[in-house]
Amino acid sequence: MATASKKYNTWIIILSIAIPLVVAALFSVKIDVQLPVFLPPIYATINAFTAVFLMLAFWAIKNKKVRLHENLMKTAIIFSVLFLVLYVAYHMTSNSTKFGGEGAIKTVYFVILITHILLSVAVIPFVLITYVRAITYQVELHKKIAHFTFPLWLYVAVSGVVVYLMISPYYII
């Protein structure tokens, strides 16, 4: 089965590089459009749902509910992609918000923000490899990498919500 996943390796590499580069490039694109809704609370909620789906999927697999685990993980992936699309759309149509806190809280905010950003890039290949190992029925290899992927992905989802909650008082609507 290891050869079954090899056909995905090129795509994993391409997507792991392209996604962060495209997102970074799109941050420099500004579209003069007023969106009909204020996106940050929406994409923060989507991030929260991603975290919930990840935790439910963890519970499901620990309780040997494999099909439920599969469906929850696919849903978590869909929510992560939806988050990313809305996040980029917001930043293409709105100016970035500056964090207004001072002192220790500012340090805490930036530590969470920086680790969130770095790990959101680092988790991409982990998610893709973990998913490929699942769909190619490499269960033992899937389990091994999932031990790393799950906490990384969960941290990214939860820290994204925390970043939103910390910066939300400074949004100008």
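Residues numbered from 1 in each chain as written. Predicted model: local features only at pLDDT ≥ 70, side-chain atom pairs only at ≥ 80, totals over all residues. Heavy atoms only, no water.

Undergrad: Provide a residue-level description of the overall build of the protein, including the pertinent values.
TA: In terms of helices and strands, the protein carries five helices and zero strands. Along the protein, helices (α) and strands (β) appear in the sequence α-α-α-α-α when read from the amino end. Its C-alpha atoms give the protein principal-axis dimensions of roughly 50 × 30 × 30 Å. Once local pairs closer than 6 in sequence are excluded, the contacts in the protein between residues at least 24 apart make up 79%. Roughly 10,700 Å² of accessible area belongs to the protein as shown, and the carbon and sulfur atoms make up 73% of that amount. Between the centroid of the 13 positive side chains of the protein and the centroid of its 4 negative side chains there is a distance of 12 Å. (Helix = DSSP H or I, 4+ residues; strand = E, 2+ residues; numbered from the N terminus. Contact = heavy atoms within 4.5 Å. Areas by Shrake-Rupley, 256 points an atom, 1.4 Å probe, with all protein chains shown as cover. Lys, Arg positive; Asp, Glu negative; His and termini not counted. Charge placed at Lys NZ, Arg CZ, Asp CG, Glu CD.)

Undergrad: Quick one: what's the story with the packing of helix H4 (residues 104–135) against helix H5 (residues 139–167), residue by residue and with numbers?
TA: Packing of H4 against H5 brings their axes to within 7 Å, and their N-to-C directions diverge by 145°. The hand of the H4/H5 crossing is left-handed. Looking at the contact of H4 with H5, its residues break down into 23 nonpolar, eight polar and one charged. (Axes fitted to C-alpha atoms, helices over the stretch in contact; angles between N-to-C directions. Left-handed = near helix turned anticlockwise from the far one by under 90°. Nonpolar A, V, L, I, M, F, W, Y, C, P; charged D, E, K, R; others polar.)

Undergrad: Outline the side chain of Thr130, listing residues and values.
TA: With respect to the helices and strands, the residue Thr130 is situated in helix H4. If we ignore the near neighbours within four places in the chain, the residues touching Thr130 are His142, Ile145, Ala146 and Thr149.

Undergrad: So what's going on with the pattern of salt bridges? Which residues, and what values?
TA: Here the structure, examined in full by the defined rule, presents two salt bridges. Of the charged contacts in the structure, one is a salt bridge between Arg67 and Glu70, with a shortest N-O distance of 2.7 Å. One end of the pair is Arg67 and the other is Glu70, both in helix H3 (residues 66–93) and three residues apart, which spans about a single turn. Here Glu140 and Lys143 are joined by a salt bridge, their closest N and O atoms 3.5 Å apart. (Salt bridge = Lys/Arg side-chain N within 4 Å of Asp/Glu carboxyl O.)

Undergrad: Now, about the packing of aromatic side chains: what can you tell me, with residues and values included?
TA: Considering all chains together, one arrives at 16 aromatic pairs under this definition. Aromatic side chains Phe38 and Tyr90 sit 6.1 Å apart centroid to centroid with 85° between the ring planes, which places their arrangement in the edge-to-face category. Taken together, the residues span a long stretch of sequence, with Phe38 in the loop between helix H1 (2–27) and helix H2 (39–62) and Tyr90 in helix H3 at a distance of 52 residues. Relative accessible area serves as the criterion here: at 6%, Tyr90 is assigned to the buried category. The interplanar angle of 35° and the centroid separation of 6.4 Å between the aromatic rings of Phe49 and Phe53 together place this pair among those described as tilted. Placement of both Phe49 and Phe53 in helix H2 is noted, with a separation of four residues, approximately one turn of the helix. Overall, Phe53 belongs to the buried group, its relative accessible area being 18%. Connected via pairs of aromatic rings, a cluster forms that spans Phe27, Phe38, Tyr43, Phe83, Tyr87, Tyr90, Tyr164 and Tyr171. (Phe/Tyr/Trp six-rings, centres within 6.5 Å; stacked < 30°, edge-to-face > 60°. Buried < 20%, exposed > 50% of the residue type's maximum accessible area, 1.4 Å probe, protein only.)

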